[in-house]
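So the chains spell out like this:
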Number of protein chains: 2
Amino acid sequence: MTNIKSEHIPRATIQRLAVYVQVLENLQREGVEVISSEPLAKACNVNASQIRKDLAYFGEFGVRGVGYYVKSLIESITSALGVNREWRTVLVGVGNLGRALLNHKEFKLRGFHIVGAFDCDPFKIGEEISGLEVICTKRLKERVADLNVEIGIITTPPERAQRAANHLVDAGIKGILNYAPARISVPDDVFVEYVDFFHHLYALSFNITFSRNK
Amino acid sequence: MTNIKSEHIPRATIQRLAVYVQVLENLQREGVEVISSEPLAKACNVNASQIRKDLAYFGEFGVRGVGYYVKSLIESITSALGVNREWRTVLVGVGNLGRALLNHKEFKLRGFHIVGAFDCDPFKIGEEISGLEVICTKRLKERVADLNVEIGIITTPPERAQRAANHLVDAGIKGILNYAPARISVPDDVFVEYVDFFHHLYALSFNITFSRNK
């Protein structure tokens, strides 16, 4: 049940909502049922008014003098973002990083099932990783249609990222998570997210460099 | 040589500067020496005025009627961010993701040398990965001092992330890149960056869900 307001959730808010869900899910595993806004804010590295503002995009939450009900807040956030269902994904590029992601339990835990692994290397085709047989990238289109997949994950070397993206777009994929250190071009109706490790390392270097000079 | 203005570079700008460096380095590999602002902006998925605004934080760039000199612009950006030198890092948590990062060529290419790999699993200690012998995490402090390391990378399971962070802080590390899906607490003078895959997947789900409803 998504509220009409949620169509306008800004990008930075989505990023924080993902953190709130992570923290709330960890609290839930520890058996916490209710949490007040101050400790929740502290665990999320934000202030309590930021949380209230972010949650206001899709309704009223929190009970005065009580706090937030953990389970119901997780349900509301994931529902508003469209992540309260299974998303089927395929991965293109079975190198070290691709293998690590295929074995990463968190994807399935969060509802993102990797149901296909593709590579154009004949030495990798036929290999089984985490229960999936690696299939030739040329067969991506037929497999995506069979598997009802909506999201593609690219873990190829940078010089092969655009070709992988072309295969995914041709197969009718709606969104791409690109781990390759290269920009890719796709039609306007396909969404791309870049997982770029380096801006984090750049931010660390910058902060360390300048704090040291103080 | 960093300009005094660069102490105030906002976070979102650093993120874009990392993209500009990535795109410029790819152009340099292709032999491009000069690029005008429009094609550079297009390759970076921003508009030309955004690039000009971001670069203005640390000086005047671009030659009217010519464009940007690729090599000199890379040098200026990396210098302003403090990434124009080698950074020595250690990695804690030799699971699938840790192994993938130890084998990831891009870290070294970008000046981030992983010089130590640590794990508390006796079955992993002594194993050699990408030229590094896996060492017991209890020995982190002595090794970090020997190796002149400033940045720690955490790739442990979520429930071990805080302990890994404690070891890194105790060893005098100045910044942490945390890939574990858990928040960590560190003293105020230690910088933390989270590589969280899920906010990207959440953003994709959200965009796909709402564009489909249009």
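Residues numbered from 1 in each chain as written. Chains lettered and ligands numbered in written order. Predicted model: local features only at pLDDT ≥ 70, side-chain atom pairs only at ≥ 80, totals over all residues. Heavy atoms only, no water.

Enquirer: I'd love a proper account of the overall build of chain A, names of residues and values included.
Expert: When you go through chain A residue by residue, the secondary structure sums to 9 helices and 9 strands. Taken along the three principal axes of its C-alpha coordinates, chain A extends 60 × 50 × 35 Å. Relative to its 214 residues, chain A shows a buried fraction of 51%. When contacts within chain A are restricted to residue pairs at least 6 apart in sequence, those whose partners lie at least 24 apart make up 58%. (Helix = DSSP H or I, 4+ residues; strand = E, 2+ residues; numbered from the N terminus. Buried < 20%, exposed > 50% of the residue type's maximum accessible area, 1.4 Å probe, protein only. Contact = heavy atoms within 4.5 Å.)

Enquirer: Residue-level account of the interface of chain A and chain B, with values.
Expert: Accessible area lost upon the coming together of the parts is a frequently used measure of interface size. Between chain A and chain B, the contact holds 64 residues from the first and 64 residues from the second. In total, about 6,300 Å² of surface goes out of reach between chain A and chain B, with carbon and sulfur atoms giving 69% of it. Contact with chain B buries area across many residues of chain A, yet A:R183, A:Y202 and A:F206 alone supply 12% of it, more than any other trio. Across the chain A-chain B interface, the total number found is 0 salt bridges. Residue assignment for the side of chain A that touches chain B shows that the elements contributing at least two residues are α1 (11-29), α4 (70-81), α5 (96-102), α6 (105-109), β8 (175-178), β9 (191-194) and α9 (197-212) of chain A. Per-element tally for the side of chain A that touches chain B: the top contributor is α9(A), with 16 residues. (Buried area = accessible area lost by both parts, 1.4 Å probe. Salt bridge = Lys/Arg side-chain N within 4 Å of Asp/Glu carboxyl O.)

Enquirer: How would you explain the domain arrangement of chain A if you had to name every residue and give the values?
Expert: You can read the domains of chain A as domain 1 (4-81) and domain 2 (87-198). On a C-alpha basis, the centroid separation for the pair domain 1 of chain A and domain 2 of chain A is 30 Å. (Domains from an automatic or database assignment.)

Enquirer: Before we move on, can you summarise the side chain of A:E106 with the specific residues and values?
Expert: Along the polypeptide, A:E106 turns up in helix α6. Ignoring anything within four residues of it in the chain, the contact list for A:E106 reads B:P181 and B:F198.

Enquirer: Requested: an account of the packing of aromatic side chains, with residues and values cited.
Expert: Inspection of every chain in the model, using the stated rule, returns 12 aromatic pairs over all chains. Aromatic side chains A:F112 and B:F198 sit 6.4 Å apart centroid to centroid with 45° between the ring planes, which places their arrangement in the tilted category. You can see A:F112 sitting in strand β4 (residues 112-119) and its partner B:F198 sitting in helix α9 (residues 197-212), one on each of two chains. Both residues of the pair, A:F112 and B:F198, belong to the buried class. Through a chain of ring-to-ring contacts, three or more aromatic side chains come together here, namely A:F107, A:F112, A:Y179, B:F197, B:F198 and B:Y202. Sitting over the face of the ring of B:F198, A:R110 holds its NZ or CZ atom 4.6 Å from the ring centroid. Taking NZ or CZ as reference, A:R183 lies 3.6 Å from the ring centre of A:Y194, over its face. (Phe/Tyr/Trp six-rings, centres within 6.5 Å; stacked < 30°, edge-to-face > 60°. Lys NZ or Arg CZ within 6 Å of the ring centre and 35° of its normal.)

Enquirer: An account of the sheet that holds strand β7 (residues 151-154) of chain A is needed here, citing residue identities and associated values.
Expert: Residues and elements named next belong to chain A. Strand order in the open sheet made by the 7 strands is β5-β6-β4-β3-β7-β8-β9, with mixed pairing throughout. Taken across any chain shown, the strands that pair with only one partner, and hence form the sheet edges, are β5 (128-129) and β9. Pairing of β5 with strand β6 (residues 132-136), which is carried by 2 bridges, proceeds in the antiparallel orientation. Across the sheet, E128 pairs through a bridge with E133, a residue of β6. The sheet strands contacting helix α8 (residues 161-170) are β3 (87-92), β7 and β8, and the helix crosses β7 at an angle near 165°. (Pairing = 2+ DSSP bridges. Axes fitted to C-alpha atoms, helices over the stretch in contact; angles between N-to-C directions.)

Enquirer: Hey, could you go over helix α3 (residues 48-55) of chain B for me, with residue numbers and the actual values?
Expert: All names here are of chain B. Turning to α3, its buried residues number three or more, namely A48, I51, D54 and L55. Down the axis of α3, the buried set is contained in an arc of 125°. They therefore lie on one face. Residues of α3 that are buried in the fold lie against α1 (11-29), α2 (37-43), β2 (68-69) and α4 (70-81). (Arc of directions from axis to C-beta.)

Enquirer: Tell me about the environment of B:E86, residues and numbers included.
Expert: Residue and element names in this part refer to chain B. With respect to the element layout, E86 can be found in the loop between α4 and β3 (87-92). Of the residues examined, E86 reaches a relative accessible area of 37% and is grouped as partly exposed. Separated by 27 residues in sequence, E86 and H113 have C-alpha atoms that sit 7.1 Å apart. Filtering out sequence-adjacent residues up to four positions away, E86 remains in contact with G111 and H113.

Enquirer: Explain the UniProt feature "domain: CoA-binding" (unreviewed entry) in chain A to me, and be specific about the residues and the numbers.
Expert: As recorded in UniProt, the feature "domain: CoA-binding" (unreviewed entry) lies at residues 82-183 of chain A. The span residues 82-183 of chain A shows a helical share of 29% and a strand share of 28%, and its end C-alpha atoms are spaced 26 Å apart. (UniProt positions renumbered as here; feature names shortened; annotations may be inferred.)

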